[in-house]
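# An overview of the molecular structure
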Amino acid sequence: MTRLLTAVGQWAVRLASDAGETALLFGSTIAGLVSGPYYVRSWFAQMFEIGNRSLPVVLVTAGFSGAVFALQTWEGFAKFGATGLVGFAVARGMTRELVPVMASLMVAGRAGSAMAAEIGTMMVTEQVDALKTMAVDPVRYLVVPRVLAAALMLPILVVIGDLMGIFGGYAVAVRMLGAAPTAYWNSSFDFLDIQDVAGGLLKASLFGIMIALFSCARGFRTSGGAQGVGRATTGAMVTSSMAILVSDFFLTKLLLSLWNL
Amino acid sequence: MPTAATPLDADGAATCAADERFIELRALSKRFGDLQVLGEIDLTVERGESLVIIGTSGAGKSVLLKLVIGLLEPDSGEVLVDGRHVSAQTASDLVMLRRRMGMLFQYAALFDSMSVGENVAFALRQHTKWDAERIADRVSEVLRWVGLEGAEKKAPSELSGGMKKRVGLARAIALGPDVMLYDEPTTGLDPILADQINDLIIGLRERMSVTSLTITHDMVSAYKIADRIAMLYKGRIEAIGTPEEIQQSDNPVIQQFIHGSAEGPITGL
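These remarks concern the structure in this document.

So, how was this worked out
Residues numbered from 1 in each chain as written. Chains lettered and ligands numbered in written order. Predicted model: local features only at pLDDT ≥ 70, side-chain atom pairs only at ≥ 80, totals over all residues. Helix = DSSP H or I, 4+ residues; strand = E, 2+ residues; numbered from the N terminus. Rg over C-alpha atoms; globule rule 2.2 N^0.38 Å. Buried ≥ 20, exposed ≤ 12 C-beta atoms within 10 Å, placed from the backbone. Contact = placed C-beta atoms within 7 Å. Axes fitted to C-alpha atoms, helices over the stretch in contact; angles between N-to-C directions. Parallel < 35°, antiparallel > 145°, perpendicular 65-115°, else oblique. Left-handed = near helix turned anticlockwise from the far one by under 90°. Nonpolar A, V, L, I, M, F, W, Y, C, P; charged D, E, K, R; others polar. Pairing = 2+ DSSP bridges.

Turning our eyes to something else, we now look at the overall build of chain B. Within chain B, the regular secondary structure consists of nine helices and ten strands. Its C-alpha atoms give chain B a radius of gyration of 19 Å, near enough to 18 Å, the size a compact globule of 269 residues would have. Dimensions along the principal axes, computed over C-alpha positions, put chain B at roughly 55 × 40 × 35 Å. Evaluated residue by residue, chain B yields a buried proportion of 45% over its 269 residues. Once local pairs closer than 6 in sequence are excluded, the contacts in chain B between residues at least 24 apart make up 66%.

The following block contains the structure:
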């Protein structure tokens, strides 16, 4: 019993400590965003890393999600004779929810874990200390460009993913299930509001900030060599994914109640 | 109390004229959890002097070096570099102070995502408004000083341990520092490479008139590059003196360490 309580206590202390460090990192990042200096080359490199390198996985995920979503809704809607609304259901589901969340999870797995591994390796090989001794702030040099790049690239990935998801749904509904092409497109876009897309993009941008912050924070907490880097990498992915899924509910509730986004 | 080989003043700091003091540690203490790593250390490095700190692994040498450059905060006491309190500096003042300091890390700590040239140019790009040509000239110059002329395009992964240290040295001196901190500069190198690094340290000191603080447990290196040697033992300065004074010290701790003997007061055997 004592051992159990000790373990729970240690876990709680570690969680509070991690949360505190992440909050401090967030504060330092805001300060870095406001005051500079700005590392534009690093920012562009991170945009390439997050955007270009994540694009294939986001395209595949969004395309097949759209396809399976069309398949499922077609079966369900057919019971009510409402297959003409499948295009709208796919488009709304993709833009509001599925693509922002799926793309963010993919970026967390690919780019977020890479951020934690890179910064973690820099920690254990004293490269972060070397930055400090050369009078360069690691937060401004490493974190700010990653946060900015993730906040910007995730909405762009989501726009492309939205189109791919709608196209995936179209391919299944029209090519496999026999929906009329024009009716499907009309259904997809006639009822789709700008709020549907805007809400997804705003959430994606916030998820991007979370991924970069949690992953960088995990990287900065790395110790203990290769094993520590491995733990940081998986930890970053788990923490970011949990944060995306949990915050998605609250963000959706907030955006719907504030601006119907 | 330290059994010093050179005279100590009332506070335990090595005696030297006040205006010559470039690095000063005053009653510096650092603890990690229950472990007291450094206990009220007083130490002074004169302007232009090369002070080498020796001590066993885990004696707190690296911690001391990190306190000097502000990578760690002391629990109590002060670090002054050229009269400025390192831990009391604002962020911008600390940037200015660190621009005057260079550090060679034990494993060089080269940025592995950059080429050798980019590593050496890094601080120049951050802290000067020099154009690309001037930066390239300076990079080429410092690489020539360390015997790596033309290595700009190489990746750190292509370099041997000795070459990495030399690139780390070139990177540390690119901005022309007033102070150089060396963390185990010869550890892991064969004796010939180690001697080349020693010669580079001496050559750079003569060329740039830098004040040097080195930590090492390589006594050959310590005797060669030091004006004075201080031994750190159990979180305190056990003794301080010229290489000759250290060699002739009758302190059994010093004698065991400099002769690398398994038996003696350090090991308790």
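Right, picking up where we left off after that structure.
Residues and elements named next belong to chain A. At a closest axis distance of 8 Å, the pairing of helix H3 (residues 86–124) and helix H7 (residues 194–220) adopts a crossing angle of 20°. Relative to H7, the element H3 lies roughly parallel. You can see that H3 and H7 cross each other, and the crossing is right-handed. When grouped by side-chain class, the residues that make up the contact of H3 with H7 number 16 nonpolar, nine polar and six charged.

Further remarks concern the sheet that holds strand E5 (residues 84–85) of chain B. By definition, the strands of a sheet pair up through backbone hydrogen bonds, in either a parallel or an antiparallel sense. Residues and elements named next belong to chain B. The sheet built from four strands is open, its strands ordered E2-E1-E4-E5 with antiparallel pairing. Each end of this open sheet is capped by a strand with a single partner; those strands are strand E2 (35–46) and E5. Of the pairings in the sheet, the one linking strand E1 (residues 21–32) to strand E4 (residues 76–81) comprises five bridges and is antiparallel in character. Among the inter-strand pairings, Ser-29 is bridged to a residue of E4, identified as Ser-76. Contacting E1, E2 and E4, helix H1 (residues 61–68) crosses the sheet at an angle of about 120° to E1.

Our focus in this paragraph is the sheet that holds strand E6 (residues 101–104) of chain B. Residues and elements named next belong to chain B. Taken in spatial order, the six strands make up an open sheet running E6-E7-E8-E3-E9-E10, and their pairing is mixed. The sheet terminates laterally at E6 and strand E10 (236–241), the two strands that pair on one side only. This sheet shows a mean twist of 15° between the axes of neighbouring strands, independent of strand direction. Bridge count for strand E7 (residues 179–183) against strand E8 (residues 211–216) is five bridges, and the pairing is parallel. Bridge pairing in E8 places Val-179 opposite Thr-211. Across the sheet, helix H5 (residues 161–173) is in contact with E6 and E7; its angle to E6 comes to roughly 170°.

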